[in-house]
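Residues per chain are reported as follows:
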Amino acid sequence: MLACAGKITEEMMAVAEDERLDPEFIRQGLADGTIVIPKNIRHQFRPIGIGKGLRTKVNANIGASGYHQLLEEEITKLHTAVQYGADSVMDLSTGTDLDLIRETLIRESPLMLGTVPIYQVASEGSILKMDPEELFAVIEKQAQQGVDYMTVHCGVTKETVRKLRQHQRIEGIVSRGGALLAAYIEATGNENPLYEQFDRLCDIFARYDVTFSLGDGLRPGATGDASDRGQLAELLVLGELVTRAREKGCQVMVEGPGHVPLDQIVANVQLQKRVCDGAPFYVLGPLTCDVAPGYDHITGAIGGAIAAAAGTDMLCYVTPAEHLRLPDRQDVIEGVIATRIAAHSGDLVKGVKGAKAWNDQMSRYRKQLDWDGMFRLAMDPEKARRYKEESEAANAKVCSMCGSLCSINIDNAAIEKFSGQKPDTSEKFLTPRPAAAVAGGD
Ligand SMILES: C[C@H]1O[C@@H](n2cnc3c(N)ncnc32)[C@H](O)[C@@H]1O
Ligand SMILES: Cc1ncc(COP(=O)(O)O)c(N)n1
Ligand code: MET
Ligand code: SF4
Ligand SMILES: [Zn+2]
């Protein structure tokens with residue numbers, strides 16, 4: 001990797017500029033593996049960094065399934081995810097023409113795109129009859145197409161699956177890739193080819209600069225299953241693979257759970273960072289309880305905020321459709337926004353540059369009753385504007401919540417009359433992210 005040779009590339013410059021950090025800090029993070037910039041050499045777009053010291057990123061999962069296969073709808077969901085501020089998109093398609101969907105999404109996406117190649121193998125043939133050569137051919141083809149990072153469940157091995165089965169789990173294996181590979185291992189007695197031929201995988205990834213996203217195939221899918229032997233056994237294997245992939249010149253991040261009770265989230269993040277030598281952590285949720293189908297963007301955001309504050313580097317969104325159906329466009333909006341709220345809440349206490357400036361400027365606009373300012377800085381400017389403008393106080397200085405008893409308005413008058421204090425009208429806001437990707441822009 002060029003970073004190890006001390007060279008600052010165009011990609012590092014772009015990331016440094018967007019994060020308002022010194023390019024040398026980015027180079028150092030890449031060299032020691034605490035930062036990754038997923039970008040296939042065949043994919044042209046403005047790259048985004050993930051890792052230590054950087055803004056917590058948000059990924060949106062899209063893709064057709066066996067039951068629901070409309071390419072147009074997936075393209076719309078891609079653009080919606082981009083418009084509402086996602087930093088990354090994964091194509092998790094398992095239905096119809098997977099190569100065409102992927103090619104279209106890569107072409108249309110201004111963001112990094114991730115995939116899970118084992119899905120294609122399982123969708124186009126029987127996993128139990130999988131020929132490892134076929135799996136590697138699919139990986140090579142996706143790399144050639146320009147996929148920026150791939151989830152590979154290399155830690156689902158004979159040994160880790162045996163450890164998982166020792167303990168009674170409520171939900172067993174919920175990861176799709178994990179379930180497929182465990183079924184293959186248990187049915188054939190063969191080892192997971194992604195583990196057995198890990199060096200071969202590294203060679204392909206290094207050639208196209210595809211970033212590893214080491215999958216958590218044995219993650220808990222129930223809060224009652226969190227942090228058990230199977231999950232931790234897999235994490236230990238992933239830690240070893242982080243070292244091996246880095247030695248082969250590859251960029252690596254590690255995926256994490258899942259469904260985790262509030263009081264185990266920090267421990268899970270700390271364990272991952274320690275065991276995986278500071279590799280960027282990419283977490284699904286975590287969902288903090290299991291009883292809210294229809295609202296799992298909320299259970300996921302509650303856990304995501306704690307995880308981000310504890311050092312998680314990218315949050316995978318959870319939408320209200322989780323556990324119920326394929327997300328539609330509205331689910332994508334709610335999932336991205338909920339997850340961005342979690343990420344920004346984490347950034348405020350993680351000391352991410354620019355997060356507090358954005359936040360405090362919103363508070364200043366609120367104090368000034370500057371509605372346009374508030375709408376401009378809102379995570380979802382369109383919804384904020386609609387709510388005010390549809391109310392009876394659409395054109396009023398105050399809002400319809402308190403009306404003439406608006407505390408801010410009363411206090412502003414009191415300050416002007418009695419304290420002599422000047423209102424804080426200075427603009428200290430810095431755009432927290434590339435303007436092109438922000439809904440509403442700024
Ligand atoms: C691992 C995560 O991926 C989600 N997931 C799996 N397939 C798709 C798809 N086609 N579209 C959106 N999300 C998907 C699951 O719901 C889980 O949250
Ligand atoms: C953060 C995260 N975790 C896991 C997966 C893969 O899904 P699965 O493991 O179900 O195949 C993913 N795409 N993102
Ligand atoms: C069992 S539903 C599939 C995904 C699941 N929500 C998870 O946490 O991984
Ligand atoms: S219940 Fe639905 S979301 Fe969960 S694993 Fe099965 S098909 Fe996927
Ligand atoms: Zn789940």
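For the protein, an unreviewed UniProt entry supplies the name Phosphomethylpyrimidine synthase and the organism Chloracidobacterium sp. N. The UniProt entry for the protein carries the following comment under Catalytic activity (unreviewed entry): "5-amino-1-(5-phospho-beta-D-ribosyl)imidazole + S-adenosyl-L-methionine = 4-amino-2-methyl-5-(phosphooxymethyl)pyrimidine + CO + 5'-deoxyadenosine + formate + L-methionine + 3 H(+)". Listed under Pathway (unreviewed entry) in UniProt, the entry text for the protein is "Cofactor biosynthesis; thiamine diphosphate biosynthesis."

The next point concerns the nonpolar core. Nonpolar side chains in soluble globular proteins generally cluster together in the buried interior. Ile-118, Phe-198, Leu-201, Phe-205, Phe-212 and Leu-214 are the most contacted members of the largest nonpolar core, which totals 88 residues. Each of two domains, domain 2 (34-350) and domain 3 (374-437), supplies a minimum of three residues to this core. Not counting residues up to four positions away in its chain, the partners in contact with Phe-198 are Cys-154, Pro-193, Phe-212, Leu-214, Leu-241, Arg-244 and Ala-245. Of all hydrophobic cores here, the second largest spans eight residues; its members include Met-12, Val-15, Ile-26 and Leu-54.

It is worth spelling out the pattern of salt bridges at this point. All chains considered together, the criterion is met by 27 salt bridges. Note that Glu-103 and Arg-107 form a salt bridge whose closest N and O atoms lie 3.5 Å from each other. Here Glu-103 and its partner Arg-107 are both found in helix H4 (residues 98-108), four residues apart, which amounts to about one turn of the helix. Assessed through its relative accessible area of 41%, Glu-103 is described here as partly exposed. Look at Arg-107 and you get exposed, because its relative accessible area is 58%.

In this section: the packing of aromatic side chains. Here the structure, examined in full by the defined rule, presents four aromatic pairs. Judged by centre distance (6.1 Å) and plane angle (80°), the ring pair of Tyr-149 and Tyr-282 falls under edge-to-face. Taken together, the residues span a long stretch of sequence, with Tyr-149 in strand E6 (residues 149-152) and Tyr-282 in strand E9 (residues 281-284) at a distance of 133 residues. Take Tyr-282: its relative accessible area is 3%, and that puts it in the buried class. With centroids separated by 4.2 Å and ring planes inclined at 35°, the aromatic side chains of Phe-205 and Phe-212 adopt a geometry described as tilted.

A few words now on the coordination of the zinc ion (ligand 5). Here the zinc ion (ligand 5) is held by the protein donor atoms His-259 (NE2) and His-323 (NE2), which lie 2.1 Å from it. Separated by 64 residues along the polypeptide, His-259 in the loop between strand E8 (252-256) and helix H12 (262-275) and His-323 in the loop between strand E10 (314-316) and helix H14 (329-350) bring together distant segments of the chain.

Quick look at the UniProt feature "binding site: [4Fe-4S] cluster" (unreviewed entry) in the protein now. Listed under "binding site: [4Fe-4S] cluster" (unreviewed entry) in the UniProt record, and renumbered for this structure, are Cys-399, Cys-402 and Cys-406. Structurally, Cys-402 is set in the loop between helix H17 (381-389) and helix H18 (407-419). Residue class for Cys-402 comes out partly exposed when judged on its relative accessible area of 40%. Cys-406 gets classed as buried once you look at its relative accessible area, which sits at 10%. If we skip the residues at most four places from it in the chain, Cys-406 touches Leu-369 and Val-398.

Turning next to the UniProt feature "binding site: Zn(2+)" (unreviewed entry) in the protein. According to UniProt, the "binding site: Zn(2+)" (unreviewed entry) feature falls on His-259 and His-323. A maximum C-alpha distance of 12.2 Å places the annotated residues, which cover 65 residues in sequence, within one compact spot. Leaving out residues up to four positions away in the same chain, His-259 has contacts with Pro-220, Gly-221, Ala-222, Thr-223, Ala-226, Leu-287, Asp-290 and His-323. Among the polar contacts made by the side chain of His-259, one reaches the side chain of Asp-290 at a distance of 2.7 Å. Leaving out residues up to four positions away in the same chain, His-323 has contacts with His-259, Leu-287 and Asp-296.

Analysis parameters
- Residues numbered from 1 in each chain as written.
- Chains lettered and ligands numbered in written order.
- Predicted model: local features only at pLDDT ≥ 70, side-chain atom pairs only at ≥ 80, totals over all residues.
- Heavy atoms only, no water.
- UniProt positions renumbered as here; feature names shortened; annotations may be inferred.
- Core = buried A, V, L, I, M, F, W, Y, C linked by side-chain atoms within 4.5 Å.
- Buried < 20%, exposed > 50% of the residue type's maximum accessible area, 1.4 Å probe, protein only.
- Domains from an automatic or database assignment.
- Contact = heavy atoms within 4.5 Å.
- Salt bridge = Lys/Arg side-chain N within 4 Å of Asp/Glu carboxyl O.
- Helix = DSSP H or I, 4+ residues; strand = E, 2+ residues; numbered from the N terminus.
- Phe/Tyr/Trp six-rings, centres within 6.5 Å; stacked < 30°, edge-to-face > 60°.
- Donors = N, O, S within 2.8 Å, 3.2 Å for Na, K, Ca; no water.
- Polar contact = N/O pair within 3.5 Å; in protein donor to acceptor, adjacent residues only side chain to side chain.

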